[in-house]
Amino acid sequence: MVGLRKVEDRPTPPEVYNFRVYASAIVAATAAIMIGYDSAFIGTTNEFFRNSTAGQISAASSNIVSVYQAGAFFGSLSAYPLGTLAGRKTGLLVSALVFTLGAGIMLAGNASRGLAPIYAGRVIAGYGIGAASNLTPLYISEIAPPAIRGQLVGMYEIGWQIGGLVGFWINYGITQHIPVSNKQWIISFAVQLIPGGLFAVGIPLVIKESPRWLISRNRRDEAIKNLCYLRKLDVSDPYLIEEINLIDIQVEHDRTSVGTSFWGPFKMVFGTWALFRRLIITTTLFMWQNGTGINAINYYSPTVFKSVGLANSSLLTTGLFGVMKTVFALVWAFFLIDNVGRRVLLLGGAAGGAVCMYIIAAGIKVDSASSKTASVGFFYIWTFFYAWSWNGTPWVICSEVFPGSVRTVAQTFAATSNWFWTFIIAKFTGDMFDAMGYGVYLFFATMMILSLPYIVFLLPETKNVPLEEMDRLFYMKNTWTANSKVMAELQRERAELKAPPVLLHQDKPAGEEKFVENAGPAVSAEPRSLA
């Protein structure tokens, strides 16, 4: 629907790129609006606490921020049993309801009750959002056609930035138009109920359960029906038949190699070096992402902007920061992620961002009017580099690189990694600024430099590769050429087919053959070794 020329793994009917799959991704990505809103509003809301009758709690501001991440950490862990046993759709609905409950509890806080309702509400809301942060990218990657998978998973990042944009500007409007009182922070907290409610309502109305999950649970007829709906194709269409066959073969392989036990995928990931290595490579992306400094800026924006000499306009500056992130997130999702690719974006963002952070640190160190002006300018240039690179790319990569047998487990560890590193930043950024001053920016710049060889030598390009072929991609020794080799192999194997595909598994009248030839490109009924 949007973007540059699509690179497809096989000829794809135009009906596949339809409104239904985009709408499903957008509704699922509403979860990210709640995350983005919290990251934007909570830093400046702590300023409201200091100015209101709840001012006695200002010393606890880091705890108000970090308990949310702690809840999200454990929520992301609980999403594995929820998503595996109840399904992606049910898991998302439960996470929406839990978040909405927590957001409501926060509103009970006041001067007489103290922090207890706010702490409790933020832990509960964080728990819900942690589960959603696990399941949303997983669900979107499972329903997305390969050529637009990055774009659709990117809806998650766009939702995050829209939530952040709303959070920044709501707090700015509150400071301009509402007198200092408890009403300031209550309004900020109450707005969370809007995206939470929309998320909870939209799931049953719009979202269809993941066909890949349904086939894994032996609900084949429902899976085919949902896939026909999402692709806007009839079950007899060759494209749909090939996709069903690929899912069938992957599911059969998963059952053979992993089994059906609850703990089987854990044993597979930690007992197979190829998968364990892949897990380390992808989940560590969130350490590098937080190493850019993004969550320090999100959660402590007034402190950050005061450090570069913008004490009197920090809320307005924060709002402009949110606008830039949102605009470039849209460019990233619709024009870059599926065309430029994942690796190039990460490398370019880290290199450019590191230069900006070094210059910001130098400007603060010199401490002159002109140097601080330069620091402000390079802060916005850093925002430009970050927004089209590290902003959402780690989520896209982690959602797409594992086989179905362990994808839910792998996404669980990806989400927990994100929340763990976000918690560390949220908890200690204030202390870092007190102890290190401009050295904080040197730290973030150095982290971005260190991420460059990590990406170059360990992470292959994943764009356009079907989910069922990610094992083949990661077996390639040369990360620079892995993607082009896999795509060339798929196209060659596709060209060698001599007959249209038919379903591998289907109910047949008595007397007819149970299996047929020509199932699709590069498929085999034999399990593939992951060792």
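Residues numbered from 1 in each chain as written. Predicted model: local features only at pLDDT ≥ 70, side-chain atom pairs only at ≥ 80, totals over all residues. Heavy atoms only, no water.

1. Brief notes about the overall build of the chain
Helices and strands together make up the secondary structure of the chain, namely 24 helices and 0 strands. Across the chain, every contact between residues at least 6 apart in sequence was considered, and the portion connecting residues at least 24 apart equals 80%. In the structure as shown, the chain presents an accessible area of about 19700 Å², 66% of it carried by carbon and sulfur atoms. (Helix = DSSP H or I, 4+ residues; strand = E, 2+ residues; numbered from the N terminus. Contact = heavy atoms within 4.5 Å. Areas by Shrake-Rupley, 256 points an atom, 1.4 Å probe, with all protein chains shown as cover.)

2. Re the nonpolar core
Grouped together as the largest cluster of nonpolar side chains are 135 residues, with contacts concentrated most on Leu152, Met357, Trp382 and Tyr441. Discounting chain neighbours no more than four positions away, the residues touching methionine 357 are Thr292, Ile297, Trp382, Tyr441, Phe444, Ala445 and Met448. (Core = buried A, V, L, I, M, F, W, Y, C linked by side-chain atoms within 4.5 Å. Buried < 20%, exposed > 50% of the residue type's maximum accessible area, 1.4 Å probe, protein only.)

3. Focus: the packing of aromatic side chains
Considering all chains together, one arrives at 28 aromatic pairs under this definition. Taken together, a centroid distance of 5.5 Å and an interplanar angle of 85° make the contact between tryptophan 169 and tyrosine 172 edge-to-face. Of this pair, tryptophan 169 and tyrosine 172 both sit in helix 6 (residues 149-177), 3 residues apart, which is roughly one turn of the helix. On the numbers, 5.5 Å between centres and 85° between planes, the contact of phenylalanine 270 with phenylalanine 413 is edge-to-face. Taken together, the residues span a long stretch of sequence, with phenylalanine 270 in helix 12 (residues 264-271) and phenylalanine 413 in helix 21 (residues 404-436) at a distance of 143 residues. Residue class for phenylalanine 270 comes out partly exposed when judged on its relative accessible area of 45%. The exposure class of phenylalanine 413 is partly exposed, given its relative accessible area of 23%. Feature note: the residues Tyr80, Phe262, Trp263, Phe266, Phe270, Trp273, Phe276 and Phe413 constitute an aromatic cluster, connected by ring pairs. (Phe/Tyr/Trp six-rings, centres within 6.5 Å; stacked < 30°, edge-to-face > 60°.)

4. Focus: the environment of serine 405
If you trace the backbone, serine 405 turns up in helix 21. Sequence separation between serine 405 and glutamate 252 is 153 residues; the distance between their C-alpha atoms is 9.6 Å. Look past the residues within four positions of serine 405 in its chain and what remains in contact with it is Asp254, Val258 and Pro265.

5. A word on helix 24 (residues 482-495)
Relative to the 20 Å expected for 14 residues at 1.5 Å per residue, helix 24 spans 20 Å between its end C-alpha atoms, a close match to the ideal helical length. Residues Ala482, Asn483, Val486, Met487 and Leu490 constitute the buried set of helix 24. End-on, the buried residues of helix 24 take up no more than an arc of 125°, which puts them together on one face. Residues of helix 24 that are buried sit in contact with helix 23 (470-475). (Expected span 1.5 Å × (residues − 1). Arc of directions from axis to C-beta.)

6. Points about the confidence of the model for the chain
Averaged over every residue, the pLDDT of the chain is 84; the share at 70 or more is 87%. Considering only residues more than four positions removed or in separate chains, one finds that residues 52-59, a stretch of pLDDT under 50, has 16 contacts. In the model, residues 507-531 has pLDDT below 50 throughout and makes 46 contacts with residues more than four positions away in sequence or in other chains. (pLDDT = per-residue confidence, 0-100.)

7. A look at the pattern of salt bridges
Oppositely charged side chains can pair when the atoms bearing their charge come close. Applying the stated criterion across every chain, the model contains 15 salt bridges. Across the pair arginine 88 and glutamate 142 runs a salt bridge whose closest N-O atoms are separated by 2.7 Å. One end of the pair, arginine 88, is in helix 4 (residues 88-106); the other, glutamate 142, is in helix 5 (residues 116-143), and 54 residues separate them in sequence. Relative accessible area serves as the criterion here: at 4%, arginine 88 is assigned to the buried category. On the basis of relative accessibility, which here comes to 2%, the residue glutamate 142 falls in the buried class. Linking glutamate 252 and arginine 255 is a salt bridge whose minimum nitrogen-to-oxygen distance equals 3.5 Å. (Salt bridge = Lys/Arg side-chain N within 4 Å of Asp/Glu carboxyl O.)

8. Notes on helix 22 (residues 439-458)
Two residues of an α-helix separated by three or four positions point the same way, owing to the 3.6 residues in each turn. Spanning 20 residues, helix 22 covers 29 Å between terminal C-alpha atoms, matching the ideal 28 Å at 1.5 Å per step. Every buried residue of helix 22 is listed here: Gly439, Val440, Tyr441, Phe444, Ala445, Met447, Met448, Ser451, Leu452, Tyr454, Ile455 and Val456.

9. What to know about the side chain of threonine 84
By the secondary structure assignment, threonine 84 is in helix 3 (residues 61-86). Owing to a relative accessible area of 16%, threonine 84 belongs among the buried residues under this scheme. Not counting the four nearest positions on each side in its chain, threonine 84 is found in contact with Ala79, Trp213, Arg217 and Thr408.

10. Quick word on the packing of helix 13 (residues 273-283) against helix 21
One can describe the packing of helix 13 onto helix 21 by two numbers: an axis separation of 9 Å at closest approach and a directional angle of 35°. Note that helix 13 runs across helix 21; the crossing there is right-handed. Taking contact as the criterion, the partners of Leu275, Leu279 and Thr283 in helix 13 are, on helix 21, Val406, Ala410, Phe413, Ala414 and Ser417. Partitioned by chemical class, the residues of the contact of helix 13 with helix 21 number 6 nonpolar, 2 polar and no charged. (Axes fitted to C-alpha atoms, helices over the stretch in contact; angles between N-to-C directions. Left-handed = near helix turned anticlockwise from the far one by under 90°. Nonpolar A, V, L, I, M, F, W, Y, C, P; charged D, E, K, R; others polar.)

11. Quick look at a nonpolar patch on the surface
Side chains of Val323, Val327, Val331 and Phe335 sit close together on the surface and give an oily, nonpolar patch of about 280 Å² of accessible area. Structurally, the position occupied by valine 323 is in helix 17 (residues 314-336). The class of valine 323 is partly exposed, set by a relative accessible area of 32%. (Patch = residues over 30% accessible without salt bridge, like charges linked within 9 Å, V, L, I, M, F, W, Y side chains within 5 Å.)

12. Quick look at unusual backbone geometry
The phi angle at asparagine 218 is positive, at roughly 65°, despite the residue not being glycine. With respect to the element layout, asparagine 218 can be found in the loop between helix 9 (211-216) and helix 10 (220-231). The exposed category is assigned to asparagine 218, whose relative accessible area is 60%. One non-glycine residue, lysine 232, lies in positive phi territory at about 60°. Along the polypeptide, lysine 232 turns up in the loop between helix 10 and helix 11 (238-258).

13. Things to note about the environment of proline 11
Structurally, the position occupied by proline 11 is in the segment before helix 1 (19-28). For proline 11, a relative accessible area of 57% puts it in the exposed group. The spatial distance from the C-alpha of proline 11 to the C-alpha of arginine 494 is 9.5 Å, given a sequence separation of 483 residues. If we ignore the near neighbours within four places in the chain, the residues touching proline 11 are Tyr239 and Arg494.

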